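This is what each chain is made of:
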Amino acid sequence: MIESFLNVGIMVQAWPIILAGLGNTILLSLMVVPLGLGGGIMLALLSTVKHPWVRYPLMAWVDFFRAFPPLVLLIFLYAGLPFAGLELGGFACVGIAFFLNTGSYYGEVLRAGIDSVPAGQIEAARSTGLSRLQALVWVVLPQAVRNVLPDLLSNTLEVIKLTSLASVVALPELLFQARQAQSLTYNPTPIVAAAVVYFLLLWPLVRLLSTLENRAMASR
Amino acid sequence: MSNWDRFVETFFNARVMARYWPDIVEGLWLTIGLAALIVVTGLIAGLVLALVRALGVRVLNWAIIFVVDVFRALPPLVIIVLIYFGLPSIDIAPSGFVSTWISLGLVLMAFSEEIFWAGITAVPRGQWEAARSTGLGFGETLAYVVLPQALRITIPPLTNRTIAITKGTALGSVVAVTEILGQASSAVSNSYNPSPLTLGAAAYLLLFLPVVVFGRWVESKFAWRR
Amino acid sequence: MIEPRPIVEARGIHKHFAALHVLKGVDLLVAERELVFVIGPSGSGKSTLLRCLNRLEEPSSGSVVVDGIDLLDRRTDLNHARQRIGMVFQSFNLYPHMTALGNVTLALRKVAGKSRAEADEIGHAALARVGLADRADHRPGQLSGGQQQRVAIARSIALEPRVMLFDEPTSALDPELVGSVLGVMRSLRESGMTMVVVSHEMGFARAAADRVVFMDHGLIVEQGAPAEIFESPAHERTRAFIGQIQRH
Ligand SMILES: Nc1ncnc2c1ncn2[C@@H]1O[C@H](COP(=O)(O)OP(=O)(O)OP(=O)(O)O)[C@@H](O)[C@H]1O
Ligand SMILES: [Mg+2]
């Protein structure tokens, strides 16, 4: 069993490949997290417009992209669009899919945060002459973010984990690299190694979250 | 042929759709079955772990916390790949279906254990003490006093998390599960037309849009922020 | 004698909330340097009227002109106009994530376009005027209610408003903290600030108000000098309300 799962020889052989994958996973995360957050902030700001012509299309947008499994979205962009002559490449597809999918999730989290800020805050800001957008950006959003910080972090954890989907469209991130190494060596050790790397990378965040969540639930 | 016609011809090709419609429906049923298995086993396992944790045996709790952390930290796709490609080398060869079921079940177990546990600890100490002072045992207190209160506050986060993990069934396509996405993908390569993907996307919407809307409703109904 | 043009000129204000008719044609004119006190039972529309004066609430009909600016004109730069109309809220509404100084300087920097250094200087001066020079770096959570309300006043006066609106500025405060806020309001009054105050602090009204306005059911029932309204109100409803207030 040790032979097959934790084969030291293979580990040594696969290590550089895995390491390159880790680097790409981190880079990919650094790209898609801000992308999703940006989309989420846009959606959350839009959600403060209560006009029915904004409200319902926005709700439909968010629910639509939350209903789609992200992998389906990704495959549609990657394998479907080329038939329409639109060959975007794996990297762009991942970017767009994450913007649409995780943006909607971040948007929902931030919307709840904005809702949790008392209306008096906007009124006070407006009474001193700040515009709607200024009041939202400088007064409401910072408080909103603080109020939903555990949810934001939890979503971010999910987004980072989700970057593993990029392996399906052949981006050389951690999982993809591990599978390459596996098929080269005919041994699952590289995948085990990748799992361990993922765990070590994300465990601190999981611990932090678990603490924050317990605290939040206890204070209810 | 106008651009619009070409677009329709490509993504909404009636002939191709009619041809692969039964495959997609088959995939839909498989997805539903897989999702149901994941939800039932994952939630039960999570609840059991949370209850064991309530016993307060230290070593056991550490083990539970570690297992939960592992399955919260690992991407589901990594777990699926690990089980599907890894286990055969020790002569256990689960099918793609079973691999996906086990993987997502474990993930749901981990998340739901956290949520159940947080719910249990959110019930004030006084509730335990009051119940025990009236002579109720540990199990009775848990069953009649603590759990009903805990479950109520756990429902919204649990609903959202369950929906998110259930959507992961699409990952099964990576290990040859013939669920919706798997069916659609092979239909696309057989027909050289993306219409089956459109059909598959529609099937997912059909399945999950009501669920997402339901989750939204649950959240407002229980009016509590996660 | 030619009357000077009033600095606040609200005429024929109506306000509906769906089916609820909250203001039923209110006229309120306030002269420069005047302190007008607005009293009336709960739900009579005092807050709504005040909030119409800086268009936090949209009047259903009527006109509001402040310092010569027509607030209901679509061409008016509302955000600019609002800088001239300070507002102090019952619940302070300080920004909890910013220091006292941050609260005071936000609009100076973002709307008035001042540099951070300029804004800080003005902000420190405003905090000094409310007696909180040494609290500039405190967060609202580290301040008492009375101090928080004084920071809120500083937030308004830093913008050098032409008029200040107060909506029950002391009713969320413990009794022993009320005095410090009224003290600041009195010094503002002495410096010539035009003020419209909704409050039940009758002692302050007697001492400082030029005019008391009594509202009920969305209308101004009567108005006059404090002594007049408090000692010999013309209307039965005013008498009943004042009797009720003074009993406790
Ligand atoms: N945003 C709103 N939507 C619906 N109704 C409102 C709204 N704001 C105020 N009202 C209603 O308008 C009426 C007048 O409210 P207002 O706050 O102006 O009264 P008030 O005189 O300030 O009372 P209080 O002394 O209690 O502060 C009340 O019946 C109130 O319920
Ligand atoms: Mg009021």
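Residues numbered from 1 in each chain as written. Chains lettered and ligands numbered in written order. Predicted model: local features only at pLDDT ≥ 70, side-chain atom pairs only at ≥ 80, totals over all residues. Heavy atoms only, no water.

Peer 1: Whenever I open this one, the interface of chain C and chain A confuses me. Can you help?
Peer 2: How big an interface is tends to be reported as the loss of accessible area on association of its parts. Listed per partner, the contact involves 21 residues of chain C and 17 residues of chain A. Summing both sides of the interface, chain C and chain A together bury roughly 1,700 Å²; the carbon and sulfur share of this comes to 57%. For the chain C face of the interface with chain A, the top three residues by lost area are Tyr95, His97 and Lys110 of chain C, together amounting to 30%. Here chain C and chain A share 1 salt bridge between them. Breaking the side of chain C that touches chain A down by element, the ones donating at least two residues are helix H2 (78-82), strand S6 (85-88) and helix H3 (100-110) of chain C. The element that contributes the greatest number of residues to the side of chain C that touches chain A is H3 of chain C, accounting for 3 residues. Split into classes, the residues belonging to the side of chain C that touches chain A amount to 12 nonpolar, 5 polar and 4 charged. (Contact = heavy atoms within 4.5 Å. Buried area = accessible area lost by both parts, 1.4 Å probe. Salt bridge = Lys/Arg side-chain N within 4 Å of Asp/Glu carboxyl O. Helix = DSSP H or I, 4+ residues; strand = E, 2+ residues; numbered from the N terminus. Nonpolar A, V, L, I, M, F, W, Y, C, P; charged D, E, K, R; others polar.)

Peer 1: Please clarify how the pattern of salt bridges should be interpreted in this entry.
Peer 2: Any two side chains of opposite charge can pair, so long as their charged atoms come close to each other. A complete count under the given rule lists 25 salt bridges over all chains for this structure. Across the pair Glu58 of chain C and Arg55 of chain C runs a salt bridge, and its minimum N-O distance is 3.0 Å. Residue classification places Glu58 of chain C among the partly exposed positions, given a relative accessible area of 41%. One connected set of salt bridges, linked through shared partners, spans Asp63, Arg66, Glu108, Arg111 and Asp115 of chain A together with Arg216 of chain B. (Buried < 20%, exposed > 50% of the residue type's maximum accessible area, 1.4 Å probe, protein only.)

Peer 1: So what exactly am I meant to see when it comes to helix H7 (residues 138-166) of chain B here?
Peer 2: Since there are 3.6 residues in each turn of an α-helix, residues three or four apart along the chain are aligned in direction. Over its 29 residues, H7 of chain B runs only 33 Å from end to end, short of the ideal 42 Å by more than 12%, given 1.5 Å per residue. Of all the bends found along H7 of chain B, the most pronounced is centred on Val146 of chain B and spans about 50 degrees, while Pro148 of chain B, a proline, follows it within four residues. (Expected span 1.5 Å × (residues − 1). Bend = angle between axes of the 7 residues up to and from the residue.)

Peer 1: Could you clarify how one ought to interpret the packing of helix H2 (residues 8-46) of chain A against helix H8 (residues 149-162) of chain A in this entry?
Peer 2: For any two helices packed against each other, the geometry comes down to the angle between their axes and how far apart the axes lie. Residues and elements named next belong to chain A. Remark: H2 packs on H8, axes separated minimally by 10 Å, with the N-to-C direction vectors making an angle of 135 degrees. Here H8 runs oblique to H2, going by the angle between their axes. Crossing of H2 over H8 shows right-handed handedness. Counted together, Ser29, Val32, Val33 and Leu37 of H2 and Leu152, Thr156, Val159 and Ile160 of H8 form the full contact between these two elements. Looking at the contact of H2 with H8 residue by residue, the class counts come to 6 nonpolar, 2 polar and no charged. (Axes fitted to C-alpha atoms, helices over the stretch in contact; angles between N-to-C directions. Parallel < 35°, antiparallel > 145°, perpendicular 65-115°, else oblique. Left-handed = near helix turned anticlockwise from the far one by under 90°.)

Peer 1: Just checking my understanding: could you explain the sheet that holds strand S10 (residues 219-224) of chain C for this structure?
Peer 2: Sheet strands pair via backbone hydrogen bonds, and the direction of the pair is either parallel or antiparallel. Residues and elements named next belong to chain C. Strand order in the open sheet formed by 6 strands is S6-S7-S8-S3-S9-S10, and the pairing between neighbours is mixed. Of all the strands in the sheet, just S6 and S10 have a single pairing partner and so form its edges. Here the strands of the sheet are splayed against their neighbours by 20 degrees on average, with no regard to which way each runs. In the sheet, strand S7 (residues 163-167) pairs with strand S8 (residues 194-198) via 5 bridges, with the strands oriented parallel. Bridge pairing links Val163 to Thr194 in S8. Each of strand S3 (35-39), S7 and S8 is contacted by helix H6 (residues 175-190), which is oriented at about 150 degrees to S8, the strand it contacts most. (Pairing = 2+ DSSP bridges.)

Peer 1: Please clarify how the site of ligand 1 should be interpreted in this entry.
Peer 2: Residues and elements named next belong to chain C. Surrounding ligand 1, one finds Phe17, Leu20, Val22, Pro41, Ser42, Gly43, Ser44, Gly45, Lys46, Ser47, Thr48 and Glu168. Contacts to ligand 1 include Gly45, whose backbone N or O atom sits 3.0 Å from an oxygen atom. One of the side-chain N or O atoms of Thr48 is found 2.5 Å from an oxygen atom in ligand 1. When isolated, ligand 1 has an accessible area of 640 Å², and the protein chains bury 59% of it. For the shell around ligand 1, the leading source of residues is helix H1 (residues 46-52), giving 3 residues. (Near = heavy atom within 4 Å. Polar contact = N/O pair within 3.5 Å; in protein donor to acceptor, adjacent residues only side chain to side chain. Areas by Shrake-Rupley, 256 points an atom, 1.4 Å probe, with all protein chains shown as cover.)

Peer 1: I keep staring at the nonpolar core and nothing clicks. Help me out?
Peer 2: Generally speaking, soluble globular proteins have nonpolar side chains that are buried together. Ranked by internal contacts, the top residues of the largest apolar core, which has 99 residues, are Ile18 and Val94 of chain A together with Leu181 of chain B. Residue contributions to this core peak at 11 residues, all from helix H10 (residues 189-218) of chain A. Apart from residues no more than four positions distant in its own chain, Leu181 of chain B is found in contact with Leu71, Val72 and Ile75 of chain A together with Ala170, Ser173, Leu197 and Tyr204 of chain B. Formed by 89 residues, the second largest nonpolar core is a distinct cluster that contains Val139 of chain A together with Leu78, Ala119 and Phe241 of chain C. (Core = buried A, V, L, I, M, F, W, Y, C linked by side-chain atoms within 4.5 Å.)

Peer 1: What's the story with the pairing of S3 of chain C in this structure? I'm lost.
Peer 2: All names here are of chain C. Taken across its 5 residues, S3 has 5 buried, putting it largely inside the fold. Of the two faces of S3, the one lined by Leu35, Phe37 and Ile39 and the one lined by Val36 and Val38 are each fully buried. Pairing between S3 and S8: 4 bridges, direction parallel. From the neighbouring strand, Val38 faces S8, where its bridge partner is Val198.

Peer 1: Got a minute to help me understand the interface of chain B and chain A in this structure?
Peer 2: Counting from both sides, the interface comprises 55 residues of chain B and, opposite them, 58 residues of chain A. In this assembly, chain B and chain A are joined by 4 salt bridges. Between Asp63 of chain A and Arg216 of chain B there is a salt bridge, and its shortest N-O distance comes to 2.8 Å. Only helix H1 (3-11), helix H3 (58-73), helix H4 (76-86), helix H5 (96-122), H7, helix H8 (180-191) and helix H9 (195-221) of chain B provide two or more residues apiece to the side of chain B that touches chain A. A per-element tally of the side of chain B that touches chain A places H9 of chain B first, with 10 residues.

Peer 1: Which parts of the structure should I look at to understand unusual backbone geometry?
Peer 2: Generally, phi is negative for residues other than glycine and the peptide bonds are trans, each holding for most cases. Of note in this structure, Ala176 of chain B is not a glycine but carries a positive phi near 65 degrees. Mapped onto the elements of the fold, Ala176 of chain B is located in the loop between H7 and H8.

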